[in-house]
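# Per-entry structural report
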Amino acid sequence: MEKIFVVGAGFSGATIARLFAEIGYDVTVIDRRTTIGGNAYDCLDKNGIMIQPYGPHIFHTEEKRVFEFLSRFTEWYEYKHSVLASVKGKTVSLPISLSSLYTLFPKTKAQRIENALKNAFGEGATVPILELKNQSDPVLKDFAEFVYKNFYYTYTRKQWGLKPEELSDEVMTRVPVCVSDKAGYFNDEYQFMPKNGFTETVTNILKHPNIKLKLKTDAEKHLYFEDGKIYFDGKELEGKVIYTGRVEEIFGYKFGALPYRTLKFKFKTYNRPSYQNAAVVNYTANKKFTRVTEFTKFTCEKQAKTVIVREYAKKCKKADVPYYPIPTEKNKELYVKYFDEAKKYKDLYLLGRLAEYKHIDMDEAVLCAMQLFDKLSEGEI
């Protein structure tokens, strides 16, 4: 029986482990944590409320293949995510839409901006802030400066510890201005939450007779690389190794640590059924925290109590949980050194947010795992 060794029991590792198990491979999955699901891990708190200790995770995708695969392991309930932003004492929906204009500005000014947006981009368009800032129309330039200052600049400084111009443009394209009355945060066809949570979903994915799961097993302490060979506890590994952790760890930080942002969470329970008007409220230009998440808004269940969490972004130290790869050209160049080092080992494959050092949503993690499985099982790589 051919063997696959997977490091990481999050969605990336669990997906590729399951796919190989189903075609007869002997699969071992290890993870340093005592829990599975990676940062999507969820659990019931003492009040019976489903919380996400590592911050909010929402499933959404355009990929039917991803949705159908996960649907084998969970039932769903439909959930349309909404996000509000608190700025200058006003609350507007994100992404910024035409209806937001009338909350932020007097009616006549809002109408001028709406007309300018429609004339420049057409109704229904989505416009990245950088494109908006490059417009010559003074109405649009003034609006772009307002949006940039109040929705991007301060939030970016809090979230990334850097100025927007120090980051790759991809950061500034994630939440565009919508020239429509768009409702909801995502546009994907499939927007659902797992009926019993993400942890149960990953548990079900890993339930297969060909999969052995070892928790509390740190790859950095057991796995090492030498002369093109891969060893685990001193024995050469047979088969392929799929690695989803921090790539610099397995190479002893030989080129230095890749920078990340981590998060500090402050949870609080309230003796009332609701705390805020949306599941997530971003604090773009005030407060030290970046956003507040209310978990009962995800489950849509009426409860006597509710739980919120405030997020504070900070520099990631070695002992911290890494959340966000910092997308700068310097960091990308450092990652390439580790990527090239990994290529020296023919049976090592990097997969997922940490190993590939890029932002990957949950559905993308599953899709990338599927695509790597396709290539490996068909002998393309």
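Cut-offs and rules
Residues numbered from 1 in each chain as written. Predicted model: local features only at pLDDT ≥ 70, side-chain atom pairs only at ≥ 80, totals over all residues. Heavy atoms only, no water. Buried < 20%, exposed > 50% of the residue type's maximum accessible area, 1.4 Å probe, protein only. Helix = DSSP H or I, 4+ residues; strand = E, 2+ residues; numbered from the N terminus. Pairing = 2+ DSSP bridges. Contact = heavy atoms within 4.5 Å. Axes fitted to C-alpha atoms, helices over the stretch in contact; angles between N-to-C directions. Phe/Tyr/Trp six-rings, centres within 6.5 Å; stacked < 30°, edge-to-face > 60°. Lys NZ or Arg CZ within 6 Å of the ring centre and 35° of its normal. Polar contact = N/O pair within 3.5 Å; in protein donor to acceptor, adjacent residues only side chain to side chain. 1 Å grid on protein atoms, 1.4 Å probe; cavity = no way out; pocket = protein on both sides within 12 Å on 5 of 7 lines; lining within 4 Å. Points joined across faces, edges and corners; volume = space filled by probe spheres on them. Nonpolar A, V, L, I, M, F, W, Y, C, P; charged D, E, K, R; others polar. Parallel < 35°, antiparallel > 145°, perpendicular 65-115°, else oblique. Left-handed = near helix turned anticlockwise from the far one by under 90°. Expected span 1.5 Å × (residues − 1). Arc of directions from axis to C-beta.

Attention shifts here to the pairing of strand β13 (residues 223-226). Residue alternation in β13 divides its side chains into a buried set, L223 and F225, and an unburied set, Y224 and E226. As paired elements, β13 and strand β14 (residues 229-232) share four bridges and run antiparallel to each other. Each bridged residue has a counterpart across the sheet, and for L223 the counterpart in β14 is F232. Here β13 hands over to β14 after two residues, with D227 in that stretch at a positive phi of 50 degrees.

With five of its five residues buried, strand β7 (residues 83-87) lies for the most part within the structure. The side-chain alternation of β7 yields two buried faces, one formed by V83, A85 and V87 and the other by L84 and S86. Note: β7 against strand β8 (residues 90-94), five bridges, orientation antiparallel. Paired with V87 across the strands is K90, a residue of β8. Counted along the chain from β7 to the antiparallel partner β8, the turn is two residues long, and its residue K88 has a positive phi close to 55 degrees.

Below, the discussion takes up the sheet that holds strand β17 (residues 260-270). Ordered in space as β8-β7-β18-β19-β20-β17-β21, the seven strands form an open sheet in which the pairing is mixed. Only two strands of the sheet have a single partner each, and these edge strands are β8 and β21 (324-325). Running over the sheet, helix α6 (residues 138-160) touches β7, β8, β17, β18 (280-283), β19 (291-294), β20 (306-315) and β21 and is turned about 100 degrees from β17.

With that settled, consider the sheet that holds strand β5 (residues 59-61). Ordered in space as β5-β11-β6, the three strands form an open sheet in which the pairing is antiparallel. The open sheet has two free edges, formed respectively by β5 and β6 (76-78), since each of these has just one partner strand. Along the sheet, successive strands turn relative to each other by an average axial angle of 40 degrees, direction set aside. Relative to strand β11 (residues 190-194), β5 runs antiparallel, the two sharing three bridges. Bridge pairing in β11 places H60 opposite Q191. Each of β5, β6 and β11 touches helix α2 (residues 64-71); the most contacted strand, β5, lies at about 140 degrees to it.

Cis peptide bonds are those with omega within 30 degrees of zero, and the linkage from L94 to P95 qualifies with -5 degrees. By the element assignment, P95 lies in the loop between β8 and α3 (98-104). The phi dihedral of K216 is positive, around 55 degrees, even though this residue is not glycine. Position of K216 among the secondary structure elements: in the loop between β12 (211-214) and α8 (219-222). Its relative accessible area of 65% is what places K216 among the exposed residues.

Our focus in this paragraph is the packing of aromatic side chains. Tallying each qualifying case throughout the model produces 34 aromatic pairs. Between F289 and Y312, the aromatic rings sit 5.8 Å apart at their centres with planes inclined by 80 degrees, giving edge-to-face as the arrangement. Here F289, found in the loop between β18 and β19, pairs with Y312, found in strand β20; they are 23 residues apart in sequence, far enough to count as distant. One aromatic cluster is present, formed by Y79, W160, F265, F267, F295, F298, Y323 and Y324 through successive ring pairs. Taking NZ or CZ as reference, K133 lies 4.1 Å from the ring centre of Y148, over its face. Lying over the aromatic face of F289, R310 brings its terminal NZ or CZ to 5.4 Å of the ring centre.

By the secondary structure assignment, R246 is in the loop between β16 (240-243) and α9 (247-250). At a separation of 2.8 Å, a polar atom in the side chain of R246 contacts the side chain of E248. A distance of 3.1 Å separates a polar atom in the side chain of R246 from the backbone oxygen of L258. Each residue touching R246, except ones within four places of it in the same chain, is listed here: A257, L258, Y260, C316, P322 and L354.

This paragraph deals with the layout of surface pockets. In this structure, the second largest pocket spans a volume of roughly 330 Å³. Around the second largest pocket, the lining comprises 13 residues; the ones closest to its centre are K3, F5, T28, L237 and E238. Sorting the residues of the lining of the second largest pocket by element identifies β1 (3-7), β2 (26-30), β12 and β15 (235-236) as the ones contributing at least two each. Looking at the lining of the second largest pocket, the element that brings in the most residues is β1, giving three residues. Partitioning the lining of the second largest pocket into residue classes produces four nonpolar, one polar and eight charged.

To continue, consider the packing of helix α1 (residues 11-21) against helix α7 (residues 198-205). When two helices pack together, their arrangement is given by the angle between the helix axes and by the axis-to-axis distance. Where α1 contacts α7, the axes come no closer than 9 Å and their chain directions differ by 30 degrees. One finds that α1 runs roughly parallel with respect to α7. Crossing of α1 over α7 shows left-handed handedness. Packed against α1, whose contacting residues are F11, A14, T15 and R18, the element α7 presents F198, T201, V202, N204 and I205 at the interface.

Here the focus is helix α11 (residues 329-342). Between its terminal C-alpha atoms α11 stretches 20 Å, which fits the 20 Å expected from 14 residues at 1.5 Å a residue. Among the residues of α11, those classed as buried are N331, L334, Y335, Y338, E341 and A342. The buried residues of α11 occupy an angular sector of 110 degrees when projected down its axis, which confines them to one face. Across from the buried face of α11, at angles greater than 90 degrees, the exposed residues are E329 and E333. Packed against the buried residues of α11 are α9, β22 (348-350) and α12 (353-356).

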